[in-house]
Amino acid sequence: RSVTCADGSRSTIRFKYPEPISHHNRAKHWVDDTNNRRHDPIALSAVWRTKWWPTRQFTFLLEVAEANAANARSRARKQKTEPQLDFRRSLAKKMLTNNLDDDGRTVVQVGRPATRGSLQAVKMEHTFEKRPGFTGAWDEKDDDWAPVKSEYQKT
């Protein structure tokens, strides 16, 4: 910082910010970046019109998570951030065609044939299934849909 002394001379004072202040100054624009990406060009909350509070909060969290993922990906790759709609489209496609097992690990297809005694990776295929009619919630003990007592459930 430059200062002017009483005799009219100018001098430069150098100092180092404390670490928390330095981190704040370096990252303070990240919130603005996230908010700008949340609303540009089409915000989920604008498309998903609702006044029900839980849904509005859910869309807000989805918008923030999506914008943070896009920003973090561009910073990690040291590249320009991908347009939000392109990122949203590729994220949705990857979520629909993922290859994760029940524990959240990636299942890899092994290129060579399995030999006796070796581990063989299994490629899991995801299927979309609808709940059968007149069934209740998923029962984890029986690994099946729970039966209901009445055909006409309250919604």
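Residues numbered from 1 in each chain as written. Predicted model: local features only at pLDDT ≥ 70, side-chain atom pairs only at ≥ 80, totals over all residues. Heavy atoms only, no water.

(A) Structural view of the overall build of the chain. Looking only at helices and strands, the chain has five helices and four strands in total. Tracing the chain from N to C terminus, the helices and strands come up as β-β-α-α-α-α-α-β-β. Per-residue burial over the chain gives 13% buried out of 155 residues. Within the chain, residue pairs in contact and separated by at least 24 positions form 28% of the contacts whose partners lie at least 6 positions apart. (Helix = DSSP H or I, 4+ residues; strand = E, 2+ residues; numbered from the N terminus. Buried < 20%, exposed > 50% of the residue type's maximum accessible area, 1.4 Å probe, protein only. Contact = heavy atoms within 4.5 Å.)

(B) The arrangement of the packing of aromatic side chains in detail. Enumeration according to the criterion identifies one aromatic pair in this entry. Summarising the aromatic geometry, the rings of Trp 48 and Phe 58 are spaced 6.1 Å apart at their centres and angled 85° between planes, so their arrangement reads as edge-to-face. Of the two residues, Trp 48 sits in the loop between α3 (44-47) and α4 (53-77) while Phe 58 sits in helix α4, which places them 10 residues apart along the sequence. A relative accessible area of 41% means that Trp 48 is categorised as partly exposed. Looking at Phe 58, the relative accessible area reads 43%, which means it is partly exposed. (Phe/Tyr/Trp six-rings, centres within 6.5 Å; stacked < 30°, edge-to-face > 60°.)

(C) The arrangement of the side chain of Glu 63 in detail. In this structure, Glu 63 sits in helix α4. Ignoring anything within four residues of it in the chain, the contact list for Glu 63 reads Arg 38, Ala 43, Leu 44 and Ser 45.

(D) Region of the structure containing the environment of Gln 57. Here Gln 57 shows up in helix α4. Judged by its relative accessible area of 32%, Gln 57 falls in the partly exposed class. In sequence terms Gln 57 and Ser 45 are 12 residues apart; their C-alpha atoms lie 9.2 Å from each other.

(E) Spotlight on the packing of α4 against helix α5 (residues 84-96). Viewed as axis vectors pointing N to C, α4 and α5 meet at an angle of 100°, and their least axial separation amounts to 11 Å. Classified by the interaxial angle, the pair formed by α4 and α5 is roughly perpendicular. For the pair formed by α4 and α5, the contact residues are Glu 66, Ala 67, Ala 69, Ala 70 and Arg 73 on the first element and Gln 84, Phe 87, Arg 88, Ser 90 and Lys 94 on the second. Of the residues belonging to the contact of α4 with α5, the class tally is four nonpolar, two polar and four charged. (Axes fitted to C-alpha atoms, helices over the stretch in contact; angles between N-to-C directions. Parallel < 35°, antiparallel > 145°, perpendicular 65-115°, else oblique. Nonpolar A, V, L, I, M, F, W, Y, C, P; charged D, E, K, R; others polar.)

(F) Spatial organisation of the side chain of Arg 88. Relative to the elements of secondary structure, Arg 88 occurs in helix α5. Of the residues examined, Arg 88 reaches a relative accessible area of 18% and is grouped as buried. A polar contact is formed between the side chain of Arg 88 and the side chain of Glu 66, at a distance of 2.7 Å. For Arg 88, the contacting residues outside a window of four places in its chain are Ile 42, Leu 44 and Glu 66. (Polar contact = N/O pair within 3.5 Å; in protein donor to acceptor, adjacent residues only side chain to side chain.)

(G) Spotlight on the pairing of strand β3 (residues 135-139). Two strands pair when backbone bridges link them, and β3 and strand β4 (residues 144-147) are joined in this way by three bridges, in the antiparallel orientation. For Trp 138, the partnering residue across the bridge sits in β4 and is Trp 145. (Pairing = 2+ DSSP bridges.)

(H) Highlighting the confidence of the model for the chain. Here the chain averages 76 in pLDDT, and 83% of its residues register 70 or above. Confidence, read as mean pLDDT per element, is least for helix α2 (residues 29-39) in the chain (76) and greatest for α4 (87). In the predicted structure, residues 116-124 sits below a pLDDT of 50 and forms nine contacts with residues beyond four places in sequence or in another chain. (pLDDT = per-residue confidence, 0-100.)

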